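Here are the chains, one letter per residue:
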Amino acid sequence: MKKIQISPAILSADFSQLGNEIKRLEEGWADMIHVDVMDGHFVPNLTIGPPVIKRLRNFTKLPFDVHLMITPVNPLLEDFAKSGSDQIIVHAEACNHLHRTVYQVKDLGCQIGVALNPATPGSVIEDLIPFLDIVMVMTVNPGFGGQSFIPASIEKIRRLRTLANKLECSPRIEVDGGVKADESAQQSVKAGATILVAGSAIYNQQETVSEAMTR
Ligand code: DX5
Ligand code: ZN
């Protein structure tokens, strides 16, 4: 079976202890650290920015999977890259010139992912998929942890994987939102997902998310 990567979302961690929380994840089975950046504008919530990410960089060698829920995104990309982001995920809905943004991230030396909200069809990135490292399917509406997985996302993941196969490319497909050690994880992986983000599932001590996908 293909390797499935787990990207724990620190959004659900204790923000007063972020450094220690990240160390704890490194001692576990995390493949990367999912950092949710929210601006109170693109999404109705506020979190952290480049200075905090830069400090957190000292606590782990694991890649930082930085999910930017901000608009405008372009003026801050360089700061996020310099702060130690390894993968930068931008939202298709937040970019007027997505092709330019994709290449801006690549030129900064980071892996590029594009996220799609539940209401955004996969077809909007059809012409870009061959240039992407990651396609992120939002399986909740972004802004908060602890929401329920939207079941229709499974079909979207399947269609995106089929499209990528047709275009003879193999981006990693990441699912973000409401993923737990149940059919949400299992069906996502069966449909073609290769990275699972898990926030509340991990911090609510349901640490068997990784087991669920390998069943
Ligand atoms: C939602 C975030 C997700 C989310 C994951 O806007 O992008 O990363 O917090 O947390 P859970 O797993 O609790 O949905
Ligand atoms: Zn996220």
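The model shown is predicted, which means the values in this text are computed figures rather than measured ones. (Residues numbered from 1 in each chain as written. Chains lettered and ligands numbered in written order. Predicted model: local features only at pLDDT ≥ 70, side-chain atom pairs only at ≥ 80, totals over all residues. Heavy atoms only, no water.)

A. Region of the structure containing the side chain of Ser 83. Positionally, Ser 83 belongs in the loop between helix H3 (77-82) and strand E4 (87-91). Aside from chain neighbours lying at most four places away, what touches Ser 83 is Pro 50, Ile 53, Lys 54 and Arg 57. (Helix = DSSP H or I, 4+ residues; strand = E, 2+ residues; numbered from the N terminus. Contact = heavy atoms within 4.5 Å.)

B. Layout of the coordination of the zinc ion (ligand 2). For the zinc ion (ligand 2), every protein donor is listed as His 34 (NE2), Asp 36 (OD), His 67 (ND1) and Asp 176 (OD), and the spread of their distances is 2.0 to 2.2 Å. Motif for the zinc ion (ligand 2), donor spacing along one chain: H-x1-D-x30-H-x108-D. Pair noted here: His 67 is in strand E3 (residues 64-69) and Asp 176 is in strand E7 (residues 172-176), with a separation of 109 residues, a long-range link. Take Asp 176: its relative accessible area is 8%, and that puts it in the buried class. (Donors = N, O, S within 2.8 Å, 3.2 Å for Na, K, Ca; no water. Buried < 20%, exposed > 50% of the residue type's maximum accessible area, 1.4 Å probe, protein only.)

C. Representation of the pattern of salt bridges in the model. Counted according to the given criterion, the structure contains 5 salt bridges. Two residues, Lys 82 and Glu 78, come together in a salt bridge whose shortest N-O distance is 2.9 Å. Of this pair, Lys 82 and Glu 78 both sit in helix H3, 4 residues apart, roughly one helical turn. For Lys 82, a relative accessible area of 63% corresponds to the exposed category. (Salt bridge = Lys/Arg side-chain N within 4 Å of Asp/Glu carboxyl O.)

D. Fine view of the site of ligand 1. Near ligand 1 lie 19 residues; those nearest to it are Asp 36, Gly 143, Gly 146, Asp 176 and Ser 200. Separating an oxygen atom of ligand 1 from a side-chain N or O atom of His 34 is a distance of 3.3 Å. Take Gly 178: an N or O atom from its main chain is 2.8 Å from an oxygen atom of ligand 1. Considered on its own, ligand 1 offers 370 Å² of accessible surface; in the complex 100% of this is hidden by protein. When atom positions are compared with the pocket grids, ligand 1 is found to occupy the largest cavity. (Near = heavy atom within 4 Å. Polar contact = N/O pair within 3.5 Å; in protein donor to acceptor, adjacent residues only side chain to side chain. Areas by Shrake-Rupley, 256 points an atom, 1.4 Å probe, with all protein chains shown as cover. 1 Å grid on protein atoms, 1.4 Å probe; cavity = no way out; pocket = protein on both sides within 12 Å on 5 of 7 lines; lining within 4 Å. Sits in = over half its atoms within 2 Å of the grid points.)

E. Local environment of the sheet that holds strand E6 (residues 134-138). Taken in spatial order, the 8 strands line up as E1-E8-E7-E6-E5-E4-E3-E2 in an open sheet, and their pairing is parallel. Either end of the sheet is taken by a strand with one partner, and the two such strands are strand E1 (5-8) and strand E2 (33-38). The mean inter-strand angle of the sheet, taken between neighbouring strand axes irrespective of direction, is 25 degrees. By the bridge criterion, 4 bridges tie strand E5 (residues 111-116) to E6 in an arrangement that is parallel. (Pairing = 2+ DSSP bridges. Axes fitted to C-alpha atoms, helices over the stretch in contact; angles between N-to-C directions.)

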